[in-house]
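Spelled out, the chains give:
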Amino acid sequence: MSQQATKIGQKSLLTMVLLAAMGMQPVLAQDAMQTMPEMDHNSMPGMDHGTALSASDSTMGDMTDMSTMDPGTMQGGSAPADARDPHAYSGGYTLESGPYNLPGPRQLRLADEHNFGSLLVDRLETVRTSDNTSTAYDLQAWYGRDYDRVVLKAEGHYDDGDFEEASTELLWGHALTAYWDSQVGLRFDSGEGPDRSWLAFGVQGLAPYWFEVDATAYVGEEGRTALSVEAEYELLLTQKIILQPRIEAAFYGKDDDELGIGSGLSEAKAGLRLRYEIRREFAPYVGVEWVGMFGGTSDYARAAGLDTKETQAVAGIRFWF
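Notes on the structure in this doc start here.

A tally of regular secondary structure across the protein gives four helices and 13 strands. When burial is assessed residue by residue, the protein has 26% of its 321 residues classed as buried. Sequence-distant contacts in the protein: of pairs separated by 6 or more residues, those separated by 24 or more amount to 40%.

For any two aromatic rings, the description comes down to two numbers: the centre-to-centre distance and the angle of the planes. In this structure the tally under the stated criterion is six aromatic pairs. Aromatic pair Trp 198 and Tyr 218: ring centres 6.3 Å apart, planes at 70°, arrangement edge-to-face. With Trp 198 in strand S6 (residues 196–207) and Tyr 218 in strand S7 (residues 211–220), the pair connects residues that are 20 residues apart, well separated along the chain. A relative accessible area of 6% means that Trp 198 is categorised as buried.

Bringing helix H4 (residues 295–303) into the picture now. When we look at burial in H4, the residues that qualify are Thr 297, Ser 298 and Ala 301. Viewed along the axis of H4, the buried residues span an arc of 100°, placing them on a single side of the element. Contact partners of the buried residues in H4: strand S11 (264–276) and strand S12 (282–293). Where H4 terminates, the next one or two residues include Gly 305, which has phi positive at roughly 80°.

With that settled, the discussion passes to the pattern of salt bridges. In total, this model carries 23 salt bridges according to the counting rule given. Glu 125 is paired through a salt bridge with Arg 123; the nearest N and O atoms lie 3.5 Å apart. Residue classification places Glu 125 among the buried residues on the basis of a relative accessible area of 2%. When the shortest N-O distance is used, the salt bridge between Glu 281 and Arg 279 registers 3.5 Å.

Judged by which residues are buried, strand S8 (residues 225–232) turns out to be one-sided: Ala 226, Ser 228, Glu 230 and Glu 232 face inward and are buried, whereas Thr 225, Leu 227, Val 229 and Ala 231, on the alternate face, are not. Pairing of S7 with S8 involves eight bridges; the strand directions are antiparallel. By the bridge assignment, Glu 212 is partnered in S8 with Glu 232. Counting the residues in the hairpin turn of S7 and S8 gives four residues, including Glu 222, whose phi is positive at 55°. Where S8 and strand S10 (residues 241–252) come together, seven bridges link them in antiparallel fashion. Bridging from a neighbouring strand, Ala 231 pairs with Ile 247 of S10.

Side chains of Val 150, Leu 152, Leu 170, Trp 172, Val 184, Leu 186, Leu 199, Phe 201 and Val 219 sit close together on the surface and give an oily, nonpolar patch of about 820 Å² of accessible area. Those elements that provide at least two residues to the nonpolar patch are strand S3 (148–159), strand S4 (162–175), strand S5 (180–191) and S6. Within the secondary structure, Leu 152 sits in strand S3.

Before going further, it helps to spend a moment on unusual backbone geometry. In this model, Trp 210 sits at a positive phi of 65°, which is unusual for a non-glycine residue. When you line up the elements, Trp 210 lands in the loop between S6 and S7. The exposed category is assigned to Trp 210, whose relative accessible area is 61%. Non-glycine residue Glu 222 carries a positive phi angle of around 55°. One can find Glu 222 in the loop between S7 and S8. According to the relative accessible area criterion, Glu 222 is exposed, its value standing at 61%.

The next subject is a negative patch on the surface. On the surface, Asp 160, Asp 162, Glu 164, Glu 165 and Glu 192 cluster together to form a negatively charged patch. By the secondary structure assignment, Glu 164 is in strand S4.

Let's shift gears to the pairing of S5. Consecutive side chains along a regular strand alternate between the two faces of the sheet. Two elements, S4 and S5, share 11 bridges in a ladder whose sense is antiparallel. Paired with Gly 173 across the strands is Gln 183, a residue of S5. Connecting S4 to the antiparallel partner S5 that follows it, the hairpin turn spans four residues. Examined bridge by bridge, S5 and S6 share 10 bridges and lie antiparallel to one another. Paired with Leu 186 across the two strands is Leu 199, which belongs to S6. Counting the residues in the hairpin turn of S5 and S6 gives four residues, including Gly 193, whose phi is positive at 90°.

Formed by Val 151, Leu 171, Trp 198, Ala 200, Tyr 218, Ala 226, Ala 250, Tyr 252 and Ile 261, the largest nonpolar core amounts to nine residues. Of all elements in the fold, only S6 and S10 reach the threshold of two or more residues within this core. Excluding its chain neighbours within four sequence positions, the residues that come into contact with Tyr 218 are Glu 169, Arg 187, Trp 198, Leu 199, Ala 200, Arg 224, Thr 225, Ala 226, Leu 227 and Ser 228.

The rules we used
Residues numbered from 1 in each chain as written. Predicted model: local features only at pLDDT ≥ 70, side-chain atom pairs only at ≥ 80, totals over all residues. Heavy atoms only, no water. Helix = DSSP H or I, 4+ residues; strand = E, 2+ residues; numbered from the N terminus. Buried < 20%, exposed > 50% of the residue type's maximum accessible area, 1.4 Å probe, protein only. Contact = heavy atoms within 4.5 Å. Phe/Tyr/Trp six-rings, centres within 6.5 Å; stacked < 30°, edge-to-face > 60°. Arc of directions from axis to C-beta. Salt bridge = Lys/Arg side-chain N within 4 Å of Asp/Glu carboxyl O. Pairing = 2+ DSSP bridges. Patch = residues over 30% accessible without salt bridge, like charges linked within 9 Å, V, L, I, M, F, W, Y side chains within 5 Å. Areas by Shrake-Rupley, 256 points an atom, 1.4 Å probe, with all protein chains shown as cover. Lys, Arg positive; Asp, Glu negative; His and termini not counted. Charge placed at Lys NZ, Arg CZ, Asp CG, Glu CD. Core = buried A, V, L, I, M, F, W, Y, C linked by side-chain atoms within 4.5 Å.

Such coordinate-based values are descriptive only and should not be taken to indicate function.
Right under this line is the structure:
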């Protein structure tokens, strides 16, 4: 009996070693089991290898069938409509209510709750033509927050002590998307000839491939309408030398005899300016710009003895803060 018990104890110890080997090193355990021909694996109680293999095969078969999966539970798809709402998933708590609200005035303000301001003088330049020298400016200032702000736009020409033409717009800007703002407000034109007032509404932003676009439609007195479109691009030749192509076109809905403006495409400009940024905020530049008048506007210009198409040399500074 003692010898038989010893043999049973040796088999139990050997089985434990084999099971441990199977758990830690599957390959070694498999090799070890293959070297034990006297061991009958089918005789292990409670273990049916045929049943386990069939169950595994059945499970793998279900995993390969992708037609039963619900696409709505997978990643991707459209974001929920309130994805940008900072309070949508706060459980009802806000910065001004709930158990975490501090007494007294608000002590925490996020970035989009602060007012900021900026002034960009995109062009302040001397314009030289074949027989004249004048000064031109084009600036934009704004004050407000990320979503809503007041915008001031102004541009014009100053020659021989007088404004040839000047256009000033006071607008309210509201963010439509991450890169586009809608703008609505007033425009006032002055200079030679009678003044004109307009209601303005348009969009301004960054188009694909980094084109800065500004398009505004206008409605004025006596049924006048107008459309202005500008686009420019900044090509970085180096980190400090930037080439800036720029185009601009103006359209009018009806003739304006007093200002010498005809309906349709009135004027188009195409310029190329090369600037050197001494600092990001301050950069002198030189360039060239082509200006053309079309349609009824060119007829008015020829009748007044003016050139309808000319090339101008420009030099100026661009700065912002």
